[in-house]
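Residue-level listing of the chains:
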Amino acid sequence: MSDKSLKVGVVLAVAAYAMWGFAPLYFKLLMIMPAPEILVHRVIWSALLLMILVLGFKQLGKVQSALKNPRVIKILLISGLLLAGNWLLFIWAVNNDHLLDASLGYYINPLLNVFLGRIFLGERLRRMQKVAVAIALIGVLILLFSYGELPWIALLLASSFGVYGLLRKQVAVDSLPGLLIETMMMLPFAIVYWVFFASQMSNMFSNEMDLNVLLIGAGIITTAPLLCFTGAARRIRYSTLGFFQYIGPSIMFILAVYLFGEPLHEARLVTFGFVWLALMIFSFDSYRAYRKSLKSLGV
């Protein structure tokens, strides 16, 4: 792998996670609309953009190949529903002043992925990984038992995206064709909701131009970071890519506390503290394992 390719991969990784982190600023501009309607437009315009990209990158054959496999279709249907639920909850959380919960959810996600890998894929956990998962769990339990508050938004976001990733590992479909199929499966439901249940604000013939531009732009906001992510994944090691995943929730945390003024009371701060400690242990262990693998390869 060339040094130039590595640098491009790092830039794309930072861009992907930064866009995911700043996405709440975009959805705040649409907070006059109900979350389901924002989701509808996110699905519709993402489907259109993804179809253009699949044709442009000449990946239609991969889509057709995937559609011939009933098992792949079933898994992508379930993963598509999980993705839609994750998108909906994220939009609702952002526009109802729960961005801190969303941030916590995406901090928890990599730790949950390790746990899911152990349970469903039989992947062995290193000792420090076990410690990290246990510390994060303690943080959540302290919030539950000491303060009577379950961070359900964070847990649902983390678990829905974690299970989504787990399902996508079960099908040999590239990211772009797979996302198009998932989005096309959501499309009929989105169109039915748009036609029969949406409010007047979803009528693009009567809206102001700036609102329509924002609605169409939801497709770009959805697709652009994913394209950067897949571009980064092709150029740098996946283990290296993992070190950038905390950029998104860190940006969300800063926006929630310092821009939107969401209260960071003691209970939440304790939970965040435990999760941050768990992530430091997890990251250190991942870095140590990464260095060991390089040594074994003679790099």
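Before reading further, recall that the structure is shown in the block above.
Residues numbered from 1 in each chain as written. Predicted model: local features only at pLDDT ≥ 70, side-chain atom pairs only at ≥ 80, totals over all residues. Heavy atoms only, no water.

Looking at this model, I keep getting lost on the packing of aromatic side chains. Mind explaining?
The description of an aromatic ring pair uses the distance of the two centres, along with the angle that the planes make with each other. Tallying each qualifying case throughout the model produces 16 aromatic pairs. Residues Y193 and F197 carry aromatic rings whose centres are separated by 5.9 Å and whose planes lie at 45° to one another, so their mutual orientation is tilted. Of the residues examined, F197 reaches a relative accessible area of 57% and is grouped as exposed. In this structure an aromatic cluster arises from ring pairing among Y26, F27, F90, Y106, F161 and Y164. The lysine or arginine in question, K28, covers the ring of F260, its NZ or CZ lying 4.6 Å from the ring centre. Above the plane of the ring of W87 lies R42, whose end atom (NZ or CZ) is 4.6 Å from the centre. (Phe/Tyr/Trp six-rings, centres within 6.5 Å; stacked < 30°, edge-to-face > 60°. Buried < 20%, exposed > 50% of the residue type's maximum accessible area, 1.4 Å probe, protein only. Lys NZ or Arg CZ within 6 Å of the ring centre and 35° of its normal.)

Any chance you could explain the environment of G178 here in plain terms?
Relative to the helices and strands, G178 is located in helix α8 (residues 175–196). Along the sequence, G178 and L76 sit 102 residues apart, while their C-alpha atoms lie 7.3 Å from each other. Beyond its immediate stretch of four places on either side in the chain, G178 contacts L76, R168 and V173. (Helix = DSSP H or I, 4+ residues; strand = E, 2+ residues; numbered from the N terminus. Contact = heavy atoms within 4.5 Å.)

Quick question: what am I supposed to make of the packing of helix α4 (residues 70–95) against helix α5 (residues 99–120) here?
If you want to describe how two helices pack, look at the angle between their axes and the distance between the axes. Interaxial distance between α4 and α5 falls to 7 Å at its minimum, and their mutual angle equals 140°. The angle between the axes of α4 and α5 places the two elements in the oblique class. Contacts between α4 and α5 involve N86, F90, A93 and V94 from the former and L99, A102 and Y106 from the latter. Looking at the contact of α4 with α5, its residues break down into six nonpolar, one polar and no charged. (Axes fitted to C-alpha atoms, helices over the stretch in contact; angles between N-to-C directions. Parallel < 35°, antiparallel > 145°, perpendicular 65-115°, else oblique. Nonpolar A, V, L, I, M, F, W, Y, C, P; charged D, E, K, R; others polar.)

Which parts of the structure should I look at to understand the pattern of salt bridges?
Two side chains carrying opposite charge are able to pair once their charged atoms lie near each other. Under the counting rule described, the total for this entry stands at six salt bridges. Ionic pairing is found between D97 and K28, a salt bridge with its closest N-O pair at 3.3 Å. Within this pair, whereas D97 is found in the loop between α4 and α5, its partner K28 is found in helix α1 (residues 3–28), the two being separated by 69 residues in sequence. Judged by relative accessible area, D97 falls into the partly exposed class, the value being 46%. (Salt bridge = Lys/Arg side-chain N within 4 Å of Asp/Glu carboxyl O.)

Honestly, the packing of helix α3 (residues 60–67) against α8 in this entry has me stumped. Any pointers?
Their axes nearest at 9 Å, the elements α3 and α8 cross at an angle of 60°. Taken together, α3 and α8 sit at an angle that is classed as oblique. Where α3 crosses over α8, the two elements pack in a sense that is right-handed. Here α3 contributes K62, V63, A66 and L67 to the contact with α8, which in turn contributes P177, L180 and I181. (Left-handed = near helix turned anticlockwise from the far one by under 90°.)

What am I meant to see in the side chain of H41 here?
Of note, H41 is situated in helix α2 (residues 35–56). Separated by 3.3 Å, the side chains of H41 and S202 make a polar contact. In this structure H41 touches M33, S46, W194, S202, M204 and L215, once residues within four positions along its chain are discounted. (Polar contact = N/O pair within 3.5 Å; in protein donor to acceptor, adjacent residues only side chain to side chain.)

Quick question: what am I supposed to make of the side chain of S283 here?
Structurally, S283 can be placed in helix α12 (residues 266–296). The residues touching S283, leaving out its near neighbours within four places in the chain, are F243 and Y246.

It is not clear to me how the nonpolar core should be interpreted in this structure. Could you clarify?
In globular proteins that are soluble, nonpolar side chains generally tend to be buried together. In terms of nonpolar packing, the biggest core is built from 78 residues, with F27, L30 and F90 touching the most fellow members. Once residues lying within four places of it in the same chain are set aside, the contact partners of L30 are I38, N95, L211, L214 and L215. Ranked by size, the runner-up nonpolar core spans eight residues in total, among them A16, A232, I236 and F244. (Core = buried A, V, L, I, M, F, W, Y, C linked by side-chain atoms within 4.5 Å.)

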